[in-house]
Structures are given as structure tokens and as C-alpha cells.
Amino acid sequence: MEQQLSHVQVLGIDAGGTMTDTFFVRSDGRFVVGKAQSNPADESLAILESSKDALAQWAREVDEVYPELVTCVYSGTAMLNRVVQRKGLDVGLICNRGFEQIHSMGRAIQSYLGYALEERIHLNTHRYDEPLVPLSRTRGVTERTDVQGEIVIPLRENEVRQATRELVNAGSKAIAICLLQSHKNESSEKRARDVCRDELKQIGVDIPVFASVDYYPSRKESHRTNTTILEAYAAEPSRQTLKKVSDRFRKHGARFDLRVMATHGGTISWKAKELARTIVSGPIGGVIGSRLLGERLGYENIACSDIGGTSFDMALITKGNFAIASDPDMARLVLSLPLVAMDSVGAGAGSFVRLDPYSGSIKLGPDSAGYRVGTCWPESGLDTVSVSDCHVVLGYLNPHNFLGGAIKLDVERARQHIKAQIADPLGLSVEDAAAGVIELLDLSLHEYLRANISAKGYNPTDFVCFSYGGAGPVHTYGYTEGLGFKDVIVPAWAAGFSAFGCACADFEYRYDKSVDIAVAPDAPDEQKAAACSVIQEAWQELADKVVEEFVINGFKLEDITLLPGYRMQYMGQLNDLEITSPISGAATAADWKKITDAFEETYSRVYASSARSPELGFSATGAIMRGLVATQKPVLPEDPEAGETPPKSAYLGKRPFYRHKTWVEADLWQMESLMAGNHIVGPAIIESASTTFVVPDGFETTLDKHRLFHLQEVK
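Keep in mind that this is a model prediction, so the values were computed, not measured. (Residues numbered from 1 in each chain as written. Predicted model: local features only at pLDDT ≥ 70, side-chain atom pairs only at ≥ 80, totals over all residues. Heavy atoms only, no water.)

Asks: Quick question: what am I supposed to make of the packing of helix α12 (residues 411-426) against helix α13 (residues 430-455) here?
Replies: Between two packed helices, the angle of one axis relative to the other and the distance separating the axes together describe the packing. Here α12 crosses α13 at 75 degrees, and the two axes come no closer than 9 Å. Considered as vectors, α12 and α13 are oriented roughly perpendicular to each other. Two secondary-structure elements touch here, α12 through Arg415, Ile418, Lys419, Ile422 and Ala423 and α13 through Val430, Glu431, Ala433 and Ala434. Split by residue class, the contact of α12 with α13 holds six nonpolar, no polar and three charged. (Axes fitted to C-alpha atoms, helices over the stretch in contact; angles between N-to-C directions. Helix = DSSP H or I, 4+ residues; strand = E, 2+ residues; numbered from the N terminus. Parallel < 35°, antiparallel > 145°, perpendicular 65-115°, else oblique. Contact = heavy atoms within 4.5 Å. Nonpolar A, V, L, I, M, F, W, Y, C, P; charged D, E, K, R; others polar.)

Here it is in C-alpha cells:
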């Protein structure tokens, strides 16, 4: 009756393109992980099936556990997929007259975003994706605010009314408004918003209006325009998906308010105004989970690596913190969102494998089989080889234990497809062709990981590498070999690690605003105090927005912890840094010194102490306000030490395993039956229903008391 000792309090969800993971945490900190195939048509069903899979391990039912839950955090890729596939709402755009093409131009950078270097430098390879809003639903209105925030040409309200009517007639289901320099002076844009809403009311049309100053009052018009359009185009339809998920929970007795992982690393309600902040949430969860693990285990520098069915995502945690990018790109769009700094490549366990028709070389992705796995699943409807087909043929995966046996894989079917599409054209055996695909993927990820660490001025020997995601443990050895990490750690719950990270995240709202403050090193105290007053005014404005969001969710002011921050750089430099403020309010020259000292301390950590340049003066570029409400966090398991020798009950036998042009007999182990302290030497395969951990020749692993596998190369 162990499962009845404590209530289940927290649920984390990672609804990926291939699998949907659930992560349940009890009040004593213990947790279970569930897995199910994703269901793009109805995510709520996949979450329900994954929940049943998890709770079966505690011999409990969904209907008795959902009512116990205090909180639930969702992360997924539905909004991102909606943008990539251009399946959003028909949006109309009102902008400045003469700037109607600003969205479709995308600062030119959007024509080569995501390209390899050799394709970036050749103009004939550049291409523009279809804009989210076509020119036929774009209208310019007369207005001009200059870079200082002065209104040079007042808004022509009659043009706003005419534009509104024309956009409705053109089929717009939402209207976005973005005027030049509105982050410096919001009056014209707010007036355009009010006039637009009034006109819609007069003509009897009920559609939402999104003004950029209400959501993203930051510089860079393309970024701000894209993000505001995104709010209308993809976030509102995604809200319906989240409502469906929420309703499914309610149907089974849940009383919590569903939260969603946001790009900045906190969580927000699905009812939040700024839902576009959740465009990419799954990979963020893994970074949050890694930071919590690092805090509890004493690791300051962590390389986070996440392999799912469609992509490889990596991020760096240095000195216990991850970086936040203020104007990232996503889905080949430049955006104005605070985003946990991550690098991603479109290569995962479900990536399609093809031969380049010109060079004959193997190409991986960027498209993938997603939840359909590969040709090895007879019901997939696929006829293109995926990386998973290679895994099955080489003995990496147990064809009878995929998703705990819920899906049966056909090894011979995969062999035939690999033979026809890859092996025969290259004059190779099926095994060597499949092994070549795996080695190519591992090498690509290995170089990507190495380059991203060294390009930021770091050395892998200073980092611990966390490897997770459903396919992470299959490839850990391949992409970490020879890099010299301090340690390589694979959590036993690697398949649900992003969902675990969601359960670790704070309930947090964040608002940002661009400011333009430049203070010379020899500036008088009055000027420094004036700079503080600008920052303080922005903090107060943003704090009001943060509190408003929490009030919508039933919290009181005393429940909320407000954390102000800012972005700063040396005057004349191009890149700024995000800083958590050392003070809660700014008013005096002494406060300005505390603000700049905190910036310099961070600058010396990110770059080097010798690179500090206070003689240039300081420029504050943005104000930030975060609001937090404490939530229940999972605790790490503490299993008793059981010695190096695994129990006999964990041994499943042997399976042929192909690597380095030879078949070997790999020992098979049941992951859940292994105990703290158990030591396993490769070749071995450690299986669970949700993932497979490959330990080949030349490697060994030890399971610690927290159920973390430590992978080492045998010296």
C-alpha cells in the first residue's frame, strides 16, 4: 500500500512530436514517468493514455489521482508546428503607411535563418517562407513617431477605421497593430487599437485586436511585429488546444488550473494574455530540470543535451545560470521574446534518412517520422527509412518492448527498406549501411556539441553533460565520446526529463520593456539618479502587468515575489546581458552603482574580468519584471546502496548488437530492477518501457542512489 502513503501533487507534461510524456510527483517527492504515442488530432487523449501508463506503476487510476493534483504544467510543440505548417488564423495587420512590407521582408535575415554557412553566403540559396500575414491583409495608416518618442505626424483615425473595415472584408479573423517606435511612445498605437475596436463594434464584428505595446513593447520593428502577429496567428488557436486539455482533466475530476511552460523558463496559465511565450516549451523543461539537478548535486557547469524523435537540443548552464536571449529566432522568424538560449539541429531518432541524388551521401532530416516511428512499424504508413529503423536492425532496440510492447516493430520490414534505399545504392551490407547512419548522426551531434561549447569560450572538461530525451540514452556514448566531460549523466527517467523539468519550474510571469539609457563614466550624480528613475518607472509599469496576470489566476499580492531585472551593455557595444537586479527599487546615484556593479560581475563571468570596460560608460537597454509564486518541487530519490553486482532479477539475457563492423552479444538489463551502486560494463543494453540506454564496448556505467547513470569510457 506504499502508493497510498502520500498524495500525488504535481504533474508535468511534455507533448512532443513523437511521444507524450507525463511525470507525476507525490508529496514525498517520489515520482513516476509515463509514455504514450502523441496524438496530433487530440493531445488530451495522448496525455490521458500517458497518465494511465505512469500511474499503473503505483497501481492507481486517473480518476482518483487527477482530483489530488495541486498543479499541472504542460509543454508541447503544437504552437510551433502550427507556425511551421502555416495553419494559423487569418490575421490582418495595421502598420505605418509606407511600411506595409516590413513583415514579409523579415530584415532579410529570415531568408537564410537555419541555413548552414555554405548556404548562407550564396544569395541564390536564400528563400523566404510565406509570411504569416500576406500583403492582401496588410494596411498602412498615416502616423509617425520619431526615435526619441516624439509624435511628428499624428495618427489619421479615419484611415484606421477604413483599414479595419477592409481587413474584415478581406477575411481577417484577428487584427494585429504595430506602429514604428511605439515602444518609445505608446499613445498612437493605443489610440489605433481603441479606434479599431470601436469600428469593429460599430460594424458588428467580434474579433480580437492585438496591439504590440500591450504585449511586446520592445525595439526592432520586425521582431515586435512578428511576435504580435504570432499572438493572433498561432497563440489563440493553441489556446483552444489547451482548453481541450484542461477540459479533459476537469472531466476526470481535476481541480487545478493548467499551466504552460514559457520560453523564459517559468510557467504561465493557459489563460495568460501573452500565450506566444509558450511557442517552444518542451526543450526548455529539460534545461530547468538540469538546473534543479545541478543545484542539488553541486554541479555549476552543465551541458544539457536532449534527443527526441525530431531534434537535438542543447543549452549551457554556467555558474548555475542559463542565458536568456532577448530577440531569438524560431521557425525562421525573428521574434521579440525572452527565450532560454538554446541551440537546435533537426536530427533525432525519427529523422528520415535519404541519399543525396547528386553526391550520393547520406542526408538526415530535417523532416521526421514523428509519432509514426519508422518503416519498422507496419501500421506507420511510411516508406522512407528513419533512424529508428537503423536502431532496430542493429539490435539497439527491442522490437517487442517499444513503448512497453504497445507497438510491435518488424525488423525484417526495416531491413528491406534500408537495403533498397540505402545499402544497395551504396554497395554496402544492410548492417554497415545502418551503422553508417548511426555513426553519422553521432558524429554530427558530437561536433555540434563540441563546437557550441568551444564557440562560447568554454572547455568540455569544465562541464558535466546531462543526456536525456527518449533517444538520448541510445546515443549518449556516441556524441560524448572523447570530449572529456567531467561526468556524463543519464537519468533513469531520461524519457520524461523535460516533463520532470516542467514539474520543477516556478509559476512565473515575466514582462519586458525596451528602455534607452546611456550614462557616461564621469556623469554627475543627477544624471545617474535620472537613469534610475527611468528604470524604476518601467519596473512599476511591468509589475502592474505581472500582478494582473496572477490576480486572474486567483492569487493575492502577498502571494507574489517580484524580481526586477534589466539588460545592460557597455556604451558602444552590440550585445547586452540580462541581469537580475541586486536592488528592489532604483532612485539614487548609489543605486546606479549597485546596478552597474552587478552588470560588471556578470560580464566578467560570461567573458573575462580583463574584458570589462567601465571607461566606456553604461547603457541600459531593457527593463524586466518577473513575478513568482512558490510551487511543490520533486525531490531526488535516495535509494539504499546495494553493491556493484546487479541483482539476478534484473538480467534479461543477451541480444546481438552490431557496432564497428562486428556482431557482439550484449547483456540485457531491466532498468527498473537495477539498484543503487550497480556497475555494468559494456557491451550492454539497459531497457525500460520508455527508453533504451546503450553501453557499448569500451564503456561502463554505474547507477547512483538518485537513479542517475554515470557513463564512463574505459581507460
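Asks: Could you clarify how one ought to interpret the domain arrangement of the chain in this entry?
Replies: Buried accessible area, meaning the area lost when the parts come together, often serves as the stated size of an interface. Looking at the chain, the domain boundaries give domain 1 (8-82 + 238-278), domain 2 (85-236), domain 3 (282-346 + 449-504), domain 4 (351-440), domain 5 (508-629) and domain 6 (648-713). The centre of domain 3, based on its C-alpha atoms, is set 27 Å off from the matching centre of domain 5. At the junction of the two partners, domain 3 supplies seven residues and domain 5 supplies seven residues. Of all residues in domain 3, Ile324, Ser326 and Pro338 bury the most surface against domain 5, accounting for 59% of the area lost on that side. If you look at where domain 3 meets domain 5, you find zero salt bridges. Among the residues making up the side of domain 3 that touches domain 5, the classes are represented as three nonpolar, three polar and one charged. (Domains from an automatic or database assignment. Buried area = accessible area lost by both parts, 1.4 Å probe. Salt bridge = Lys/Arg side-chain N within 4 Å of Asp/Glu carboxyl O.)

Asks: Any chance you could explain the sheet that holds strand β32 (residues 684-687) here in plain terms?
Replies: Strand pairing within a sheet occurs via backbone hydrogen bonds; the two strands may be parallel or antiparallel. Overall, mixed pairing links the four strands, which are arranged β29-β30-β32-β33 in an open sheet. A single partner strand is all that each edge strand has here, and the edge strands are β29 (651-659) and β33 (692-695). On average, each strand axis in the sheet is tilted by 25 degrees relative to the strand beside it, whichever way the strands run. Of the strands in this sheet, β29 and β33 are in contact with helix α14 (residues 472-480), which crosses β33 at around 25 degrees. (Pairing = 2+ DSSP bridges.)

Asks: Help me understand the nonpolar core, please; the structure alone is not making it clear to me.
Replies: Taken as a class, soluble globular proteins show a tendency for nonpolar side chains to be buried jointly. Membership of the largest hydrophobic core comes to 155 residues, with the highest contact counts inside it found for Phe24, Tyr66, Phe249 and Trp493. Considering each element in turn, this core owes the most residues, ten residues, to α13. Counting 38 residues, the second largest nonpolar core, distinct from the first, contains Ile517, Ala538, Phe618 and Met625. (Core = buried A, V, L, I, M, F, W, Y, C linked by side-chain atoms within 4.5 Å. Buried < 20%, exposed > 50% of the residue type's maximum accessible area, 1.4 Å probe, protein only.)

Asks: Please clarify how the sheet that holds strand β6 (residues 138-141) should be interpreted in this entry.
Replies: Strand order in the open sheet made by the four strands is β6-β5-β9-β10, with parallel pairing throughout. Looking at strand neighbours, the two that pair on one side only are β6 and β10 (209-211), the edges of this open sheet. The sheet shows a mean angle of 20 degrees between the axes of neighbouring strands, direction not considered. Taken strand by strand, helix α6 (residues 157-169) contacts β5 (91-96), β6 and β9 (174-177), and its axis lies near 175 degrees from that of β6.

Asks: Would you mind going over the side chain of Glu43 with me for this structure?
Replies: In this structure, Glu43 sits in helix α1 (residues 43-55). Residue Glu43 is classed as buried on the basis of its relative accessible area of 14%.

Asks: Help me out: how do you make sense of the pairing of strand β22 (residues 362-368) in this one?
Replies: Both faces of the sheet carry side chains from a regular strand, because those side chains alternate between them. As paired strands, strand β21 (residues 351-355) and β22 are joined by four bridges and run antiparallel to one another. By the bridge assignment, Ser351 is partnered in β22 with Ser368. Linking two consecutive strands that pair antiparallel, namely β21 and β22, is a turn of six residues; a positive phi of about 75 degrees is found at Gly360 within it.

Asks: Please explain the packing of α1 against helix α9 (residues 221-251) as it appears in this structure.
Replies: Packing of α1 against α9 leaves a shortest axis separation of 8 Å and a crossing angle of 40 degrees. Judged on the interaxial angle alone, α9 and α1 are oblique. Crossing of α1 against α9: the hand is right-handed. Side by side, α1 and α9 meet where Glu43, Ser44, Leu45, Ile47 and Leu48 of the first sit next to Thr241, Lys244, Val245, Arg248 and Phe249 of the second. When the residues that make up the contact of α1 with α9 are grouped by side-chain class, the tally is five nonpolar, two polar and three charged. (Left-handed = near helix turned anticlockwise from the far one by under 90°.)

Asks: So what exactly am I meant to see when it comes to unusual backbone geometry here?
Replies: Excluding glycine, residues mostly have negative phi values, and the peptide bonds linking residues are mostly trans. Omega for the peptide link from Gly682 to Pro683 comes to 5 degrees, which places this bond in the cis form. With respect to the helices, strands and loops of the structure, Pro683 is situated in the loop between β31 (679-681) and β32. Located in the positive-phi region is Lys661, a residue other than glycine, with phi close to 65 degrees. For Lys661, the location among the structural elements is in the loop between β29 and β30 (662-670).

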